[in-house]
Amino acid sequence: MEGEYQGYTLKLIGPLSESGIQKIRDGRARNNHEKRVAGGKGESRRTDNQPYFSNPSVPLSRGRMAEITIDGSMLTLQELVSVARGDAAVRIDKRALQRTERSRAVLEKLLQQDEVIYGVNTGFGALSNVKIAPEDVRQLQANLLRSHASSVGKPHSTDVVRAMMLLRANTLIKGNSGIRPEIPRLIVALLNKRAHPYIPQKGSVGASGDLSPLSHMALVLMGEGRVEYKGTWMAGKQALQKIGQDPVQLEAKEGLALNNGTQQMTSIGCLNLYDSYNLLKTAEAALALSLEAIKGWVDPFDERIHKVRRHPGQVQVAMDIRALVKGSRTCRSITRDDPTGGRPQDPYSFRCAPQVMGPVMDALEYVRSTLEIEMNSATDNPLIFPSDKVCLSGGNFHGQPVSMALDLMALGLSTISNISERRISALLDASLNNGLTAFLVGKESKPGLASGLMALQYTATALVAENKILTHPASSDSIPTSGNFEDFVSMGPGAAHKSTSILENCQYVVAIELLTAAQAVHLRGDSGLGKGTKMVYQAIRKVVRPLTQDRSSHEDIERVFEMVKRGQISDLVIRFTRDSD
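Calculation notes
- Residue positions within a chain follow its written sequence, with the count starting from 1.
- A pLDDT threshold of at least 70 governs which residues receive local features in this predicted model, and a stricter bar of 80 or more applies before side-chain atom pairs are shown or counted, although totals over entire chains, interfaces and linings include all residues.
- With hydrogens and water excluded, all non-hydrogen atoms of the structure serve as input to the side-chain values.
- Helix and strand assignments come from DSSP, with helices taken as H or I runs of at least 4 residues and strands as E runs of at least 2, each series counted from the N terminus.
- Residue exposure (1.4 Å probe, protein chains only): buried if accessible area is under 20% of the type maximum, exposed if over 50%, otherwise partly exposed.
- Contacts were defined at the residue level, with two residues in contact if any of their heavy atoms lie within 4.5 Å.
- Only the protein chains shown count as cover for residues, and the accessible areas themselves come from Shrake-Rupley with a 1.4 Å probe.
- We count a salt bridge whenever a side-chain nitrogen from Lys or Arg sits within 4 Å of a carboxyl oxygen from Asp or Glu.
- Whether two strands pair depends on DSSP finding at least two bridges between them.
- Throughout, right-handed denotes a crossover for which the path from the first strand over the helix to the second runs clockwise when the strands point away from the viewer.
- Residues enter a nonpolar core if they are buried and are Ala, Val, Leu, Ile, Met, Phe, Trp, Tyr or Cys, with the set joined through side-chain atoms within 4.5 Å.
- Definitions used throughout: a 1 Å grid over protein atoms alone; a cavity as a set of points that fits a 1.4 Å probe which cannot get out; a pocket as an open set with protein on both sides within 12 Å along at least five of seven lines; a lining residue as one with an atom within 4 Å of a point.
- Grid points are joined across faces, edges and corners, and a volume is the space filled by probe spheres set on the points.
- In this analysis, the expected span of each helix is defined as 1.5 Å times one less than the number of residues it contains.
- Only C-alpha atoms enter the line fits that serve as axes; for helices the fit covers just the stretch in contact. Angles between N-to-C directions range over 0 to 180 degrees.

Q: What's the story with the overall build of the chain in this structure? I'm lost.
A: Within the chain, the regular secondary structure consists of 20 helices and 13 strands. Per-residue burial for the chain yields a buried fraction of 58% across its 581 residues. For the chain, restricting intrachain contacts to residue pairs at least 6 apart in sequence, the fraction spanning at least 24 positions comes to 78%. When the accessible surface of the chain is totalled, it reaches about 23300 Å², and 51% of it is carbon and sulfur.

Q: What is the right way to look at the pattern of salt bridges in this model?
A: Pairs can form between side chains of opposite charge whenever their charged atoms are close. Inspection of the entire model under this criterion finds 24 salt bridges. Across the pair glutamate 67 and arginine 91 runs a salt bridge, and its minimum N-O distance is 3.3 Å. Here arginine 91 lies in strand β6 (residues 89-92) and glutamate 67 lies in strand β5 (residues 67-70), a separation of 24 residues in the sequence. Classification of glutamate 67 by relative accessible area gives partly exposed; the value is 45%. With a relative accessible area of 39%, arginine 91 lands in the partly exposed category. Measuring nitrogen to oxygen at the nearest pair gives 3.1 Å for the salt bridge that ties glutamate 108 to arginine 104. Taken as a pair, glutamate 108 and arginine 104 lie in helix α3 (residues 94-112) at a separation of four residues, close to a single helical turn.

Q: Looking at this structure, I do not really get the environment of leucine 406. What am I missing?
A: If you trace the backbone, leucine 406 turns up in helix α15 (residues 400-428). Overall, the relative accessible area of 0% leaves leucine 406 in the buried class. Counting along the chain gives 89 residues from leucine 406 to alanine 495, while the straight-line C-alpha distance between them is 5.8 Å. Contact partners of leucine 406, with chain neighbours within four places excluded, come to Met265, Gly269, Leu371, Gly492, Ala495 and Ala496.

Q: Help me understand unusual backbone geometry in this model?
A: Negative phi values dominate among residues other than glycine, just as trans dominates among peptide bonds. Backbone torsion omega between asparagine 381 and proline 382 reads -5°, so that peptide bond is classified as cis. Structurally, proline 382 can be placed in the loop between α14 (353-375) and β12 (383-385). The backbone of arginine 310 shows a phi angle near 70°, a positive value even though the residue is not glycine. Secondary-structure assignment places arginine 310 in the loop between α11 (303-307) and α12 (312-325). Classification of arginine 310 as exposed rests on a relative accessible area of 68%. A positive phi angle is found at asparagine 434, which is not glycine, with a value near 55°. Along the chain, the position of asparagine 434 falls in the loop between α15 and α16 (454-470). The partly exposed category is assigned to asparagine 434, whose relative accessible area is 24%.

Q: Please clarify how the pairing of β5 should be interpreted in this entry.
A: Here β5 shows a clear split, with Ile68 and Ile70 buried on one side and none of Glu67 and Thr69 buried on the other. Where β5 meets β6, four bridges bridge the pair, whose relative direction is parallel. Residue pairing across strands places isoleucine 70 opposite isoleucine 92, the latter belonging to β6. The handedness of the β5 to β6 crossover, carried by helix α2 (residues 77-85), is right-handed.

Q: Teacher, can you tell me more about the nonpolar core here?
A: What tends to happen in soluble globular proteins is that the nonpolar side chains get buried as a cluster. Among the nonpolar cores identified, the biggest contains 141 residues, and Ile70, Leu80, Leu166, Leu258, Met357 and Leu514 are the most heavily contacted of them. The residues contacting leucine 514, other than those within four sequence positions of it, are Thr282, Ala285, Ala286, Leu289, Val536, Ile540, Val560, Val564 and Ile569. Of all hydrophobic cores here, the second largest spans eight residues; its members include Val106, Ile117, Ala252 and Ile384.

Q: In this structure, what is going on with empty space enclosed by the protein? I would like to understand it.
A: This model, assessed by the stated rule, comprises six cavities of 30 Å³ or more. Its boundaries defined by the atoms lining it, the largest cavity holds a volume of some 100 Å³. Every residue lining the largest cavity is counted, 14 residues in all, and those nearest its centre are Leu453, Leu515, Leu547, Arg551 and Asp556.

Q: How should the layout of surface pockets be read in this particular structure?
A: Empty space among the atoms can be located by rolling a probe the size of a water molecule over them. Empty space within the second largest pocket amounts to approximately 550 Å³. As for the second largest pocket, its lining consists of 32 residues, of which His148, Ser208, Leu211, Ser482 and Glu486 are closest to the centre. Put simply, the parts of the chain that give the lining of the second largest pocket at least two residues each are α4 (137-148), α7 (211-219) and α9 (254-259). Sort the elements by how many residues they give to the lining of the second largest pocket and α4 lands first, with four residues.

Q: Any chance you could explain α12 here in plain terms?
A: Structurally, the α-helix is built with 3.6 residues per turn, so residues lying three or four positions apart point the same way. Between its first and last C-alpha, α12 extends 20 Å over 14 residues, near the 20 Å set by a 1.5 Å rise per residue. With ten of its 14 residues buried, α12 lies for the most part within the structure. When α12 is considered as a whole, its buried residues turn out to be Gly313, Gln314, Gln316, Val317, Ala318, Asp320, Ile321, Ala323, Leu324 and Val325.

Q: How should I be thinking about the sheet that holds strand β8 (residues 195-197) in this particular structure?
A: One key point about sheets: their strands pair by backbone hydrogen bonds, in either a parallel or an antiparallel sense. Spatial strand order, β8-β10-β11: three strands in an open sheet with antiparallel pairing. Only two strands of the sheet have a single partner each, and these edge strands are β8 and β11 (232-235). Direction aside, neighbouring strands of the sheet carry axes that sit 35° apart on average.

Given below as structure tokens:
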């Protein structure tokens, strides 16, 4: 399967059968244990009122690969998702390991020459002016990880932890970190055995990278910290024994190489970006179905209009909507319908949708470019350059590129929910929905006596309002740390966490629009739908029956939300628009 967008292609490697999808879902249910709370000494207990993970991972239901090879430079978004959410195994390219060995050899030679190297034989941050004796270098690295493992809150979901492990291994084998090859090998061994470190969500400002969360991850390599393995929490040393590995004693620079980097914010960002692409396609389905439901005009989506402006996302959205409503006898067109039979134009949320949603697609492309660069970058400090036999201190750990990109993604997602809520409102408004009942009251109900879907807009409005608050850019903030030595920080983790909340809110809003549009189509009749919109309508009707009399909409919303979250609607859109092309 291949999903095509203007300017990019998401290629899914290998078809996945229904049984394969179910196997992955079952595996996620076992491994994610969303309602398990971490206990001490390998114990676990369950609770019904507090999920163990605040953002449970979503199964990769779009494709999988048997194995990926990392070399520090070529990792893709699709490969990351295949490892984080699927069953893909990871192996390290032999040449990358050779580069790692060369980098380590250069570092050791510099140490033999008694070079002063930041973080290797000096203290850290504001303490970098303190020289460390050679006999204390090992203790320095262990102390760094122990002291910086200070994050708090709920643990990261399994898919985020797996993505962090993959990205950290990938950057360490670029050949600039000066570590021994056994370090990335051990990370990959844990990953392939599905042994997942306990990493709390909050505690990083994205200054010297994600110091605290990465320290939690790295403690496990020393046999410390906690690990989830086969559904049970245990000490790091015990987990290593179970997978046939020994703890490592960190040598010079290795602790700093492990916790200097942007892997937490990048991992969250990558997974949310992948889901945002799916959400955008789902939002197109919601727009198309709403256009049918409201008997809207299809002329604003004419390719001639968009070719004279040429923004790639705008052109693509208009093209996708034309494909979805093709053959519709419900949508109106100036070529066959009398413009005097009602309003000659639709509200902006319909008519200008390509011009509003298209820039979101373009923004996601920028975010993808930034994150894929970051996925394959050396982000610790100092960095070794073996060819020049030098070790240079710099700031590649700084999260500003990622932070700004994720703020842009948050703005784009919020825009999707904003315009979706406006279409929900129009569908429910008897003055705008072209002859349907107010609030789409069911056929067996009386307006006034019944409220229909009135309250769905309340929920959508609450979510959109929350998104507007959350879109304040985290990257515009900075609170100095480390005795004002780290005097400008990125707040990238904040941008990443916000994007998770905004994404979920948007998924709910689009689900509400799909549910509302489906009810409007039910009242108007589905016989005149286009081929694509009919597929979307039928998919919704498989999980939610039409509203005939008032009932709680909670379960209906949740069912459609699950379809949105799992990419079931976006799959339909991608397949249909591809086939139409």
